[in-house]
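One letter stands for each residue in the lines below.
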Amino acid sequence: MGFDAITFPAGTIFLVTGGAGFIGSNLCEALLHKGVVVRCLDDLSQGKEDNIRPFLLSPDFTFIKGDIRELDTCMAACAGADYVLHQAAWGSVPRSIEMPLLYEGINIRGTLNMMEAARQCGVKKFVYASSSSVYGDHPVLPKKEGQEGKLLSPYAVTKRVNEEYGRLYKELYGLDTYGLRYFNVFGRRQDPHGAYAAVIPKFIKQLMNDEQPTINGDGKQSRDFTYIENVIEANLKACLAPSDVAGQAFNVAYGGREYLIDIYYELCKALGKDIEPIFGPDRPGDIKHSNADISRARELLGYAPEWSFERGIKAAIEWYKGNL
Ligand SMILES: NC(=O)c1ccc[n+]([C@@H]2O[C@H](COP(=O)([O-])OP(=O)(O)OC[C@H]3O[C@@H](n4cnc5c(N)ncnc54)[C@H](O)[C@@H]3O)[C@@H](O)[C@H]2O)c1
């Protein structure tokens, strides 16, 4: 259960791309606790130096400021690495609808550069962030790998293309790739600021500042909100997964279903606020319900998430109380 018992030999080198972002910085931190060598590649376009500042004190941590759109940068970062946890990308469905070309360049070309660099450098495992958005408009719940529908945003297209390259790099070149389809991750260091912030940190920040949050739609949309510890577990377990399950993508979620409106009132209660939300229009590219069947990751990666939504949200609220 969890990832406490997972160990790697001393001197093992991990490259975390997007390591100054929300998920990447949590991966760097967990890896440093395991006593391995960690390289973080990030261009700081979305991430923050503050997220990695404490790690810079560790002799096992190196920060490389660079852009995954440059193959030379990817090659230099991958040289000698045993494992790559590729998180660098631009997120946000609505922003991708506004800027499709940028998303193509970063999320598709950047990821292809990283896979190519990993292949040329002889990396053992290439674990990369995919997304539940690849399920598009497929109506079946829970979402199960192999039942993908029509894609609804440029962001979803980029993640789908990443998965196709992930499959091809295994089949054509023997690179062990594992795509992790994250479902609405939340937890410490997730950025609450800006127009494209994820809903949980945004609501927490607004409520703490006595602002009135806007819910897009009627609030009856549901998601499989996944606490960051479960995502760390999936990444570490993918590094230890057998080669014969590489080349595919795996749902990474808790396997629950939370309604946005319920979360909103839970946050109000936890923060002692009595503020009614504003209801705005639905967002284009969004689907109404999304929850995951995690049996593939359970069976093939040994993924056994320990952090329920309730447990995770308590920890997240505590963190934001001390860090906003
Ligand atoms: N947070 C979620 O709920 C969620 C859900 C599904 C998928 N994902 C995926 O997980 C990964 C990490 O997401 P996150 O929430 O931590 O986002 P984030 O924005 O906090 O982190 C992404 C990091 O990548 C860096 N980056 C962006 N473009 C880069 C480039 N060209 N070169 C180098 N670095 C670059 C950013 O500066 C940032 O630090 C992304 O691939 C995202 O698409 C996240």
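Since we're looking at a predicted model, the values are computed, not measured.

A. How the structure looks around the environment of isoleucine 64. Structurally, the position occupied by isoleucine 64 is in strand β3 (residues 61-65). A count of 15 C-beta atoms within 10 Å places isoleucine 64 in the partly exposed class. For the pair isoleucine 64 and arginine 39, spaced 25 residues apart in the sequence, the C-alpha separation amounts to 7.2 Å.

B. Inspection of the sheet that holds strand β12 (residues 258-259) at higher detail. Pairing is mixed across the open sheet formed by three strands, whose spatial order is β12-β9-β14. A single partner strand is all that each edge strand has here, and the edge strands are β12 and β14 (289-290). Sheet topology places strand β9 (residues 222-223) next to β12; two bridges connect them, and they run antiparallel. Opposite arginine 223, over in β12, you have glutamate 258 as the bridge partner.

C. Examining the sheet that holds strand β5 (residues 125-131) more closely. Here seven strands make up an open sheet; going across it, the order is β3-β2-β1-β4-β5-β6-β11 and the pairing parallel. Bordering the open sheet on either side are β3 and β11 (248-252), each of which pairs with just one other strand. Here the average twist between neighbouring strands, direction ignored, is 20°. In this structure, strand β6 (residues 176-182) lies alongside β11, joined through five bridges in parallel fashion. Counted as the bridge partner of leucine 180 is phenylalanine 250 from β11.

D. Quick peek at the site of the ligand. The environment of the ligand is formed by 29 residues, the closest being Gly18, Gly21, Gly47, Ala89 and Ala129. Elements with a contribution of two residues or more to the shell around the ligand: α1 (22-33), α4 (100-120) and β5. When grouped by side-chain class, the residues that make up the shell around the ligand number 13 nonpolar, 11 polar and five charged.

E. Inspection of helix α10 (residues 309-323) at higher detail. The end-to-end C-alpha separation of α10 is 21 Å, in line with the 21 Å expected for 15 residues at 1.5 Å each. Where α10 is concerned, the buried positions are Phe309, Gly312, Ile313, Ala316 and Tyr320. The buried residues of α10 occupy an angular sector of 95° when projected down its axis, which confines them to one face. Exposed side of α10, more than 90 degrees from the buried face: Glu310, Glu318, Lys321 and Gly322 are the residues found there. As for α10, its buried residues are in contact with β7 (185-186), α6 (199-208), β10 (226-227), β12 and α8 (260-271).

F. Unusual backbone geometry, seen in detail. Backbone torsion omega between leucine 141 and proline 142 reads -10°, so that peptide bond is classified as cis. Take proline 142: it is sitting in the loop between β5 and α5 (154-173). The phi dihedral of serine 92 is positive, around 85°, even though this residue is not glycine. For serine 92, the position within the fold is in the loop between β4 (83-86) and α3 (93-98). The phi angle at arginine 189 is positive, at roughly 75°, despite the residue not being glycine. Here arginine 189 is to be found in the loop between β7 and α6.

G. Focus on the pairing of β4. Residues Tyr83 and Leu85 point to one face of β4 and Val84 and His86 to the other, with burial holding for every one of them. Bridge analysis of strand β1 (residues 13-17) against β4 gives four bridges, and the strand direction is parallel. Bridge pairing in β4 links valine 16 to leucine 85.

H. Summary view of the packing of α4 against α5. α5 packs onto α4 with a crossing angle of 15° between their chain directions and a minimal axis gap of 9 Å. In terms of axis orientation, α4 runs roughly parallel to α5. As α4 packs across α5, the resulting crossing turns out to be right-handed. Taking contact as the criterion, the partners of Pro100, Tyr103, Glu104, Asn107, Ile108, Thr111, Leu112, Met115 and Arg119 in α4 are, on α5, Pro154, Tyr155, Thr158, Val161, Asn162, Tyr165, Tyr169 and Tyr173. For the contact of α4 with α5, the class distribution of residues is 11 nonpolar, four polar and two charged.

I. Layout of α4. The terminal C-alpha atoms of α4 lie 29 Å apart, and with 21 residues this matches the ideal 30 Å at 1.5 Å per residue to within 8%. Within the sequence span of α4, burial applies to Tyr103, Ile106, Asn107, Gly110, Thr111, Asn113, Met114, Met115, Ala117 and Ala118.

J. Spatial organisation of the environment of cysteine 78. As for its placement among the helices and strands, cysteine 78 is situated in helix α2 (residues 71-78). The spacing of cysteine 78 and leucine 112 is 34 residues in sequence and 13 Å in space, taken between C-alpha atoms.

Basis of the calculations
- Residues numbered from 1 in each chain as written.
- Predicted model: local features only at pLDDT ≥ 70, side-chain atom pairs only at ≥ 80, totals over all residues.
- Helix = DSSP H or I, 4+ residues; strand = E, 2+ residues; numbered from the N terminus.
- Buried ≥ 20, exposed ≤ 12 C-beta atoms within 10 Å, placed from the backbone.
- Pairing = 2+ DSSP bridges.
- Axes fitted to C-alpha atoms, helices over the stretch in contact; angles between N-to-C directions.
- Near = placed C-beta within 6 Å.
- Nonpolar A, V, L, I, M, F, W, Y, C, P; charged D, E, K, R; others polar.
- Expected span 1.5 Å × (residues − 1).
- Arc of directions from axis to C-beta.
- Contact = placed C-beta atoms within 7 Å.
- Parallel < 35°, antiparallel > 145°, perpendicular 65-115°, else oblique.
- Left-handed = near helix turned anticlockwise from the far one by under 90°.

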